[in-house]
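Structural description and commentary
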Amino acid sequence: MDIFITGYGVISAIGNNVEENLNNLIQEKTAIKQGLRNFSSKFKVGEIPYTNEELRSEFNLKTEGSRTALLGMVAAKEAFLNHELFDHVKTGLISGTSVGGMDTTEEEYKKYLKGDRVNYKNYFNHPSGTTSAQIASELGISGFVNTISTACSSAANAIMMGARLIRSGYLDRVIVGGTDSLTQFTIFGFRSLMIFDDEWCKPFDNSRKGLNLGEGAGYIVLESQKSIQTTGKIALAKLTGWSNASDAFHQTASSPDGDGAVLSMNQALQVAGLKPNDINYVNAHGTATPNNDLSESKALIKIFNGKVPPFSSTKSYTGHTLAASGGIESVYAVLSIQNKILFPNLNHTAPIEETGLIPIKRIEKNMEVNHVLSNSFGFGGNNSTLIFSKK
Amino acid sequence: MYYIHKVASITHQNSFLQNDINALLVEITEGSVLFAPDYKKYVLPSSLRRLSPILRMAVAVAKECQEAINTPFEAISIGTALGCLTDTEKFLNVVNTVEGDILSPTSFIQSTHNTISGLISLELKNHSYNMTHTQNNISFEMALIDSILCCDEGKSFVLLGAADEGIEFLNKLKPIVISKDAFVTSGATFFALSKIKSNAEIGIVACQAKLNKVSIDSEINSFLGNLQIDSAAIDIVYSNCLTEHFPSEKMIHYEKFSGLYFTSNAFGVHMAHDWLIEQSKKYALVVNSSCEGGIGLILLRNDKAQD
């Protein structure tokens, strides 16, 4: 059964919408720079240069919510633009997030610790499920709304869940992706893990030190053939493969040989009915941490039997947007297929010694892009792979 | 039918590894504590020290479910409404009080919702599909719907779980954010679920969950209507809300026994499971609804019972 992609939307540090993201990807312009907020100013981050108030007015948002919810509304609205609701097209929303409303919670909790007056009402925003409910409300969607929280693979898993619900007939159409805002909680968290790079992150480089965090949201609209007959939408691409597997190695680190990653890529290829050499581009997880990039490289070498297709990590543009990354990178995968381009991996100078793999270093145009494989790996050894194909 | 091959709960009731928990139920009162097993049986003492209550509970019930089936689970699907609150609050304190650059990452690592399912995959050395759903009061239903999909896709045994933990701070959110004036607490209920029947008697027929409801009654009507089951055929209803759809003598308010946490309906399913076996009755319905959240309906059937 075909799963069609009939809409996409994204907001990230490199742009407010799909077009701006595409232009900056093509122009090889990163947006990672010194942070703007108190808690981010010491670090290089992929921050969206709007306050919450500005987000509400700039994007005409009607629903209240945390920053995570607001970013989600912006991208989900773009994805669902020009789509209508029909009584007999069962439409749902599945959104991935790891921080949910933590941005409002941490402000309130700070006041509480200081003994200042606390507005307990703001904790209403805290649950991740509320983030999705708020996005759904902005879109006018009721009924099936779900949230996936598997750290950095959340959006990819939300997309996979959506595809499976369409395939089983449970839903006809579903908006899927993820959102996460920068918070003091996550910045301090990743700092405590000591996997930050104080300079621009260098995915797959031998001298890579760690990641830059980012924020944003990315969503795609999935539809069945039956749904398209009613909605009249034209497919941008298809979602053909998906899988999730568990590394079961360590709470945060990936196994040395990327066992979970191998499993998930292998199973996604099986779902898609593709052979490894059918893949024209890999949008890697590529966080630029020493551990992830080595383990993912080894998994790629294993899956592709040494002949790794052109690959890159676009986190060198946006920063690691955590739960949103799989959503944002799914939009990029569709853009790659539509525009026949392969996105470069910025800041790369020397290949990782153990693997010798060299990512795409400059934008490549007029390429035959039939199938794109996209990886998202999260804490807890949660490995997910999606495969996007030409319609 | 999605058969329940094992159910294990850690709650305020003497529910852990009992055959019929209903005989032992006591209404929860202020000061009541969780019936915790000896966790050293389930986790190495060196690791146990770092684990918050939700992680301890979840690992213990997950291992009991694994013990009951002699094959590895082919999928793990967990629902949690608020995730690992103890570690989340701990790290919020660290962020706001610790000076300097050296922070301990443990509570941050263990603060994400999928720490539960991730830890279970580590403890069971399980490499299969591993998912964490969090949709406020219908988180367990979302995990169950995913489990049903997994079974339909051909996975033989699925570990389905619900876990939430109460922290003292939640009481400050009453009545503004948490409208119910109930005893806020923790609980974990896990199931070994399969389309394979073998020795199982009770199964889940279907589950429906919606974010917005028209009314509880109309949701029950459409749910049972789609299944072509008459309301009168339902032998028992475990519910956390009021509905006049069923005679009061058929209704049991499960929150009186579980306390308030947002996946406690999984314990309602556990109670319904044991009741159907004990009473040799056919149908039980678990109704879960809150004013702020969605509505979830789960129907169980006893294959052994006569119509």
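Residues numbered from 1 in each chain as written. Chains lettered and ligands numbered in written order. Predicted model: local features only at pLDDT ≥ 70, side-chain atom pairs only at ≥ 80, totals over all residues. Heavy atoms only, no water.

Under the definition given, this model contains 25 salt bridges over all chains. Among the salt bridges present, the one from D303(B) reaches R301(B), with a minimum N-O distance of 3.3 Å. Among the residues examined, D303(B) registers a relative accessible area of 29% and is labelled partly exposed. Residue R301(B) is classed as partly exposed on the basis of its relative accessible area, which comes to 23%. Because the salt bridges share partners, they merge into one network encompassing R37(A), E47(A), R67(A) and E215(A). (Salt bridge = Lys/Arg side-chain N within 4 Å of Asp/Glu carboxyl O. Buried < 20%, exposed > 50% of the residue type's maximum accessible area, 1.4 Å probe, protein only.)

Another point: the packing of aromatic side chains. Counted by the stated rule, this structure contains 19 aromatic pairs over all chains. Note on F204(A) and F311(A): the rings are 5.0 Å apart at their centroids and 85 degrees apart in plane angle, and the pair reads as edge-to-face. Separated by 107 residues along the polypeptide, F204(A) in the loop between α7 (184–192) and β7 (216–223) and F311(A) in strand β10 (residues 311–312) bring together distant segments of the chain. Pair check on accessibility: F204(A) and F311(A) agree, each one buried. Following the ring pairs from residue to residue traces out a cluster consisting of Y109(A), Y112(A), Y120(A), Y123(A) and F169(B). Taking the ring centre of W200(A) as reference, the NZ or CZ of K44(A) above it sits at 4.7 Å. Over the aromatic face of F188(A) sits the side chain of R191(A), whose NZ or CZ is 4.8 Å from the ring centroid. (Phe/Tyr/Trp six-rings, centres within 6.5 Å; stacked < 30°, edge-to-face > 60°. Helix = DSSP H or I, 4+ residues; strand = E, 2+ residues; numbered from the N terminus. Lys NZ or Arg CZ within 6 Å of the ring centre and 35° of its normal.)

Residue and element names in this part refer to chain B. Under the domain assignment, chain B is made up of domain 1 (2–194) and domain 2 (202–302). Computed over C-alpha atoms, the centres of domain 1 and domain 2 are 21 Å apart. Taken together, the contact pairs 51 residues of domain 1 with 41 residues of domain 2. Between domain 1 and domain 2, the buried area comes to about 3,500 Å², and carbon and sulfur atoms account for 63% of it. Counting the surface domain 1 buries against domain 2, the share from its top three residues, I4, N137 and K180, is 18%. Inspection of the region where domain 1 meets domain 2 yields 16 residue pairs in polar contact (both at pLDDT 80 or more). Examining the composition of the side of domain 1 that touches domain 2, we find that seven residues originate from one element, helix α6 (residues 139–152), more than from any other. Here the side of domain 1 that touches domain 2 is composed, by residue class, of 27 nonpolar, 19 polar and five charged. (Domains from an automatic or database assignment. Contact = heavy atoms within 4.5 Å. Buried area = accessible area lost by both parts, 1.4 Å probe. Polar contact = N/O pair within 3.5 Å; in protein donor to acceptor, adjacent residues only side chain to side chain. Nonpolar A, V, L, I, M, F, W, Y, C, P; charged D, E, K, R; others polar.)

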